[in-house]
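# Structural characterization, general
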Amino acid sequence: MARFVVAIDGGAGSGKSTTAKGVAERLGFFYLDTGAMYRAFTLKCLRSGHKTHQKTDLQMIRRLLDTTSVDLRQEDGGIKVYLDNEDVSLAIRKPEVSGFVSQVSAIPEVREWMVAKQRQIAEGKHVVCEGRDIGTVVFPDAQVKIFMKADVHVRAARRLKELGEKNMEADESEVLENIKFRDRYDSERTHSPLKKARDAVVLDTTDLTIEEEINRVKAIVEERLRT
Ligand code: DC
């Protein structure tokens, strides 16, 4: 069991990662980026030649899980993502991965594997965990649940800026289309779709600065810690 869980869910670019990272840093909690884990496994699928999600590929994808290790390590003041002991923190942000991750994430066996791993990573820690199903499935007993949302154009602009900062080329309309596609796919899938937990606080970040987002969530956590 994790000790104190802040669960942050929401669509792509809604501000989850930046907020979760900032709140974790300031409170000394572990930052658990579950999207990075799904991305790492998607990278493995792509490297193994799985570029579609046809039935035949699904069977092989399931077998791949048995030989995969995904880890999040706190290093150099940030979180690094390891796939089979290789640092893939940058590679998992590539458009090929963004274009296939929703399909891979919809596979029930992949979700089961990831949820078990996420709970294991959080064991005994205070965590800020972000994703799509954290407040509903991974940690339904989380002490704080936040559901973040923002205007889709604002979200695309943020994603574009982030990619630029990593020196990764990206086309504005492709980024926007990918966000819309993933929102739809992630919300409409059968298994643990993206949705607000009944007891989550909704935070619309469209007009908020990063600092404001972090402060709002931090204040909610501190209030809960006092009670
Ligand atoms: O947070 P992100 O954009 O890096 O997530 C990438 C994809 O991973 C997202 O489109 C859907 C999937 N995902 C998921 O299905 N469940 C999670 N808890 C986190 C991410």
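In this report, we go over the structure that sits alongside the text. The structure presented is a predicted model; accordingly, all values stated were derived computationally and were not measured.

Quick look at the sheet that holds strand 3 (residues 70-75) now. What the three strands build is an open sheet, ordered 3-4-5; its pairing is antiparallel. If you trace the sheet from one side to the other, it starts and ends with strand 3 and strand 5 (86-87), each paired once. Across six bridges, the pairing between strand 3 and strand 4 (residues 78-83) is antiparallel. Across the sheet, the residue bridging to E75 is G78, located in strand 4. Contacts from helix 2 (residues 34-47) reach strand 3, strand 4 and strand 5 within the one sheet, and its direction differs from that of strand 4 by about 30°.

On to the packing of aromatic side chains. For the coordinates displayed, the defined rule picks out two aromatic pairs. Relative to Y185, the ring of F181 has its centre 5.4 Å away and its plane inclined at 50°; by these criteria the two rings are tilted. Within this pair, F181 and its partner Y185 are both found in helix 9 (residues 172-188), separated by four residues, close to a single helical turn. Take F181: its relative accessible area is 27%, and that puts it in the partly exposed class. Y185 sits in the partly exposed class, given a relative accessible area of 25%. Across the ring face of Y82, the terminal group of R73 is positioned such that the distance to the ring centre comes to 3.8 Å.

Counting 39 residues, the largest nonpolar core has L32, F41, V88, V110 and F139 as its most contacted members. No other element matches the eight residues that helix 2 contributes to this core. Setting aside residues no more than four positions away along its own chain, F41 makes contact with I61, L64, L65, T68, V104, V110 and M114.

The full set close to the ligand counts 18 residues, and R39, R111, D133, D186 and R189 are the nearest of them. The side chain of D133 places a nitrogen or oxygen atom 2.8 Å from a nitrogen atom of the ligand. D186 has a polar side-chain atom sitting 2.7 Å from an oxygen atom of the ligand. Protein contacts shield 98% of the accessible area of the ligand, which totals 440 Å² for the unbound molecule. Secondary-structure elements contributing two or more residues to the shell around the ligand are helix 2, helix 5 (101-105) and helix 9. The element that contributes the greatest number of residues to the shell around the ligand is helix 2, accounting for four residues.

For the rest of this paragraph, the subject is the sheet that holds strand 1 (residues 4-10). Judged by pairing direction, the sheet is parallel, and its five strands sit side by side in the order 2-6-1-7-8 without closing on themselves. Edge positions in the sheet fall to strand 2 (30-33) and strand 8 (201-204), since each has one partner strand and no second. Between one strand axis and the next, the sheet turns through 20° on average, direction left out of account. Where helix 1 (residues 16-27) meets the sheet, its contacts fall on strand 1, strand 2, strand 6 (126-131) and strand 7 (144-149), and the angle it forms with strand 6 comes to roughly 175°. Those strands touched by helix 2 are strand 2 and strand 6, and its axis lies near 45° from that of strand 2.

If you check helix 8 (residues 152-165), its first and last C-alpha atoms are 20 Å apart, about what 14 residues at 1.5 Å a residue would give, namely 20 Å. Those residues of helix 8 that sit buried are V152, R155, A156, R158, R159 and L163. The arc that holds every buried residue of helix 8, seen down its axis, measures 160°, which confines them to one face. Pointing more than 90 degrees away from the buried face of helix 8 are the exposed residues H153, K161 and E165. Tucked inside the fold, the buried residues of helix 8 contact helix 2, helix 9 and helix 10 (210-226). Of the residues that open helix 8, the one with a side-chain oxygen 2.9 Å from the backbone nitrogen of H153 is D151. N167 sits one or two residues past helix 8 and shows a positive phi near 60°.

Quick notes on the rules
Residues numbered from 1 in each chain as written. Predicted model: local features only at pLDDT ≥ 70, side-chain atom pairs only at ≥ 80, totals over all residues. Heavy atoms only, no water. Pairing = 2+ DSSP bridges. Helix = DSSP H or I, 4+ residues; strand = E, 2+ residues; numbered from the N terminus. Contact = heavy atoms within 4.5 Å. Axes fitted to C-alpha atoms, helices over the stretch in contact; angles between N-to-C directions. Phe/Tyr/Trp six-rings, centres within 6.5 Å; stacked < 30°, edge-to-face > 60°. Buried < 20%, exposed > 50% of the residue type's maximum accessible area, 1.4 Å probe, protein only. Lys NZ or Arg CZ within 6 Å of the ring centre and 35° of its normal. Core = buried A, V, L, I, M, F, W, Y, C linked by side-chain atoms within 4.5 Å. Near = heavy atom within 4 Å. Polar contact = N/O pair within 3.5 Å; in protein donor to acceptor, adjacent residues only side chain to side chain. Areas by Shrake-Rupley, 256 points an atom, 1.4 Å probe, with all protein chains shown as cover. Expected span 1.5 Å × (residues − 1). Arc of directions from axis to C-beta.

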